[in-house]
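Listed below are the residues making up each chain.
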Amino acid sequence: MNVKTLILSGLLIVSNLSFGQVKQIKDANTQFRSGNYCEAASKCELAYSKIKRKSKSGLAMKGDMAFKTAECYRNVDNFKRANEWYEKAILLKFQQKEPLVLLYNADMLRQMGDLKKAQDNYTAYKALVPDDPRADVGIASCKMYEEFKENRTRHTVSNVKALNKEGFEMAPMFVDKKDTKIAFGTSSDREGITGKAKDPLTCQKYMDIFVSEIDKKGNWLEPKPIVGDSINTEDSEGTLCIDARGKTMFFTRCPSTKKKNLGCDIYMSELGGKGWERPKKLSLKSNDTLSVGHPCVSDDGKYLIFASDLPGGQGGHDLWYTTYDKKSDSWTTPVNMGPEVNTAGNELFPSFAKNGDLIYASDGLPGMGGLDMFRAEKVGDKYQWEKPTNYGSPINSEFNDYAMVEVDDRKGYFTSERKGNVGEQFSPDLWMYELPPNIFSLKVNVFDLIDKTRQTKIEGVKVVVTGSNPNEKWEGLTAKDGSVYWDKKPNGDRYIQENSDYKIAISKEGYYEDKNGASISTKGLMYNQDFVLDMGLFPIKKAIRLPEVRYPLAKWDLLVDSTINSKDSLLFVYNLLVDNPGLVLELSSHTDPRGNDVYNQVLSENRAKACYKFLVEEKGIDPRRIIPVGKGEREPRTVYLNGGVYHENEPMLDGAPKPGTQVIVLKEAYMNQFKKTNKKLFEQLQQFNRRTEGKVVTLEFDASSALPANPDFLVFKPLPKAK
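Quick caveat: nothing in here was measured; it's all calculated off a predicted structure. (Residues numbered from 1 in each chain as written. Predicted model: local features only at pLDDT ≥ 70, side-chain atom pairs only at ≥ 80, totals over all residues. Heavy atoms only, no water.)

## Quick word on the overall build of the protein chain
Inference 1: A tally of regular secondary structure across the protein chain gives 13 helices and 38 strands.
Inference 2: Whereas a compact globule of 723 residues would reach a radius of gyration of roughly 27 Å, the protein chain reaches 41 Å, over 25% beyond that.
Inference 3: If you line up the protein chain on its principal axes, its C-alpha atoms span 135 × 65 × 50 Å.
Inference 4: Expressed as a percentage of contacts within the protein chain between residues at least 6 apart in sequence, the contacts between residues at least 24 apart total 57%.
Inference 5: Carbon and sulfur atoms make up 51% of the accessible area of the protein chain, which totals about 36,500 Å².
Inference 6: Taking the 104 positively charged and 99 negatively charged side chains of the protein chain as two groups, their mean positions are separated by 3 Å. (Helix = DSSP H or I, 4+ residues; strand = E, 2+ residues; numbered from the N terminus. Rg over C-alpha atoms; globule rule 2.2 N^0.38 Å. Contact = heavy atoms within 4.5 Å. Areas by Shrake-Rupley, 256 points an atom, 1.4 Å probe, with all protein chains shown as cover. Lys, Arg positive; Asp, Glu negative; His and termini not counted. Charge placed at Lys NZ, Arg CZ, Asp CG, Glu CD.)

## Considering the sheet that holds strand E16 (residues 347-352)
Inference 1: The four strands are arranged E16-E17-E18-E19 in an open sheet whose pairing can be described as antiparallel. The strands lining the two open edges of the sheet, one partner per strand, are E16 and strand E19 (385-390). For this sheet the average axis-to-axis angle between neighbouring strands, irrespective of direction, equals 30°.
Inference 2: Bridging between E16 and strand E17 (residues 358-362) involves four bridges; their strand directions are antiparallel. Residue serine 351 lies in a different strand from E17, and its bridge partner there is isoleucine 359. (Pairing = 2+ DSSP bridges. Axes fitted to C-alpha atoms, helices over the stretch in contact; angles between N-to-C directions.)

## Description of the state of the cysteines
Inference 1: Across all of its chains, the model carries two disulfides by this definition.
Inference 2: The cysteine cysteine 72 is free of any disulfide, with cysteine 44 supplying the nearest cysteine sulfur at 4.4 Å.
Inference 3: The thiol sulfur of cysteine 296 is not disulfide-bonded, and the nearest other cysteine sulfur, from cysteine 241, lies at 6.2 Å.
Inference 4: Its relative accessible area of 3% is what places cysteine 296 among the buried residues. (Disulfide = S-S within 2.5 Å. Buried < 20%, exposed > 50% of the residue type's maximum accessible area, 1.4 Å probe, protein only.)

## Section: the layout of surface pockets
Inference 1: Estimated volume of the second largest pocket: approximately 870 Å³.
Inference 2: Residue lining of the second largest pocket: 28 residues in total, with Asp448, Asp451, Thr456, Lys542 and Asn649 positioned closest to the centre.
Inference 3: Of the residues contributing to the lining of the second largest pocket, the split by class is eleven nonpolar, six polar and eleven charged. (1 Å grid on protein atoms, 1.4 Å probe; cavity = no way out; pocket = protein on both sides within 12 Å on 5 of 7 lines; lining within 4 Å. Points joined across faces, edges and corners; volume = space filled by probe spheres on them. Nonpolar A, V, L, I, M, F, W, Y, C, P; charged D, E, K, R; others polar.)

Following this line, the structure appears as structure tokens:
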């Protein structure tokens, strides 16, 4: 395009506008460039209405003014109005000149919950500006929104209504060592506020710093202006921090001079006898139009992080740091904190967590809303942070969330523009988050250890629970189902507390004491849990009945064929010994009474040794923990007869012996009555007698002091001739 064409185009544009229209456009542009978005919004709207769209140039001017109107509303956090004006600019095809209209419109839509349309606009922006990572972040945020909702943490959030009013309340920070006094910026109509004029940047009154104190009942008292010399002024003050001594304060001050775009500054004040002394401005920028603010200082007061749009950053506003040089009594040239923290978007409102991690707000990482809060891990003892993690829902929302201060690792305060605020929609309020105590319960089930199915429950077992915290000890008895359960105490407190270890001991008369017991711990658990413990006791007089072990006739080889695997049957004994490392077991083998006593005795001894040999040599059990014993035919088995059926275990009904049950000792004389009349029953009763059983010798085996095993246990005896 040559010079003549340019001049002609300019004349055509001017010719389409009256003098009044030119002045309105000029006023709108002046207010917009000065950053006075509240006043600029109405002027841009007026200028927009006066521009005719008949010509190509008029269309471009109208689109430009729609975009500027939208930008005004975006900068004062009026997302709904901003969205309306971005869409007008898009209808005027202004995205062909300024693609950012699509990106910012998508941001507004996402914060308003229209994720599908937002994603469409991010995709359209990416097609026009493929190298801008903000499009990818926006698309990812839309896709992750439901995931954030579904995986919400256990935190609860609530509006701190005692501190909030109709205006802005934002950026809470504790200003005493006990964390009982909280300071924040406010634009609400409060007694003692100095900034009474309307800030053209925010459409609210200028902000002042107010302080509230929490009383002994945990209630926040009426906030009062911070005490000091020229801390609050007719400009806006807020977003502060103090060092660990509580002697040095840094805060943000944003001046507003009509038609001038002056940036914010950080001021420093020392605590004197009558409050905070007159503050001094830190020299951190080279141009008055640049902004520095949101200070975050180290405990020693010598390392200061802040947010700024200084040149050389990663995106919009970045986090920078400066250090105090004692020799020159000045702060060093700011250094950008780099891509480990900063993004192509905005990073704002830094603060330190109690453990030294860095908390800050960003819109340049995938998140739920506009500004989301993130936590970056501290790297060793260095002033270095990495791996920022989104706090997730419900601490973050689809709106702007920022400026967090921790009370401890479970509770803190932050600023949010979400629904439920005291003031008008999208205005910031102070909110509190809290992680409720984890809820734990304990159920102990006690069963008879000689029952491999664990179905034989034991009633009346004394269960004693002892915790590692003071006064944590209680006891109870198991019910008919063998269980006892604890959750809430009568006063509403929980039996099982956080960060505690518990030992559980069980005992009952007629059973061996379980000296090892069991244990649980809630240390490090960050979720609710119902502890369920299955514990067992060995009866003192009751034999341990093993699964069936068979042998070939007149032999002691463990029978393994299509009908039985005797080695598998012995795995019950193996598991019993493994699960109870203090157990020493007598393993006894029995025969039926047929044949002579001497023959049956040797045969039973060899069969007991076969079981011993398998468990020791093939399964690796310590040989000192098993004593093989042959009992021949000396101890006939006791069975139970009920309803014409013989049972190995006593039949029970509702936890009591079943009525009509007879106790039968299977002596030779008893069995012989069926020898001719009922051969099948006769053989069944003989089989009952041929068995391998266990008996507890001790539950206190000590490998370091136990005597060596008898070597004869591995030697089989020759069978005498049967008579």
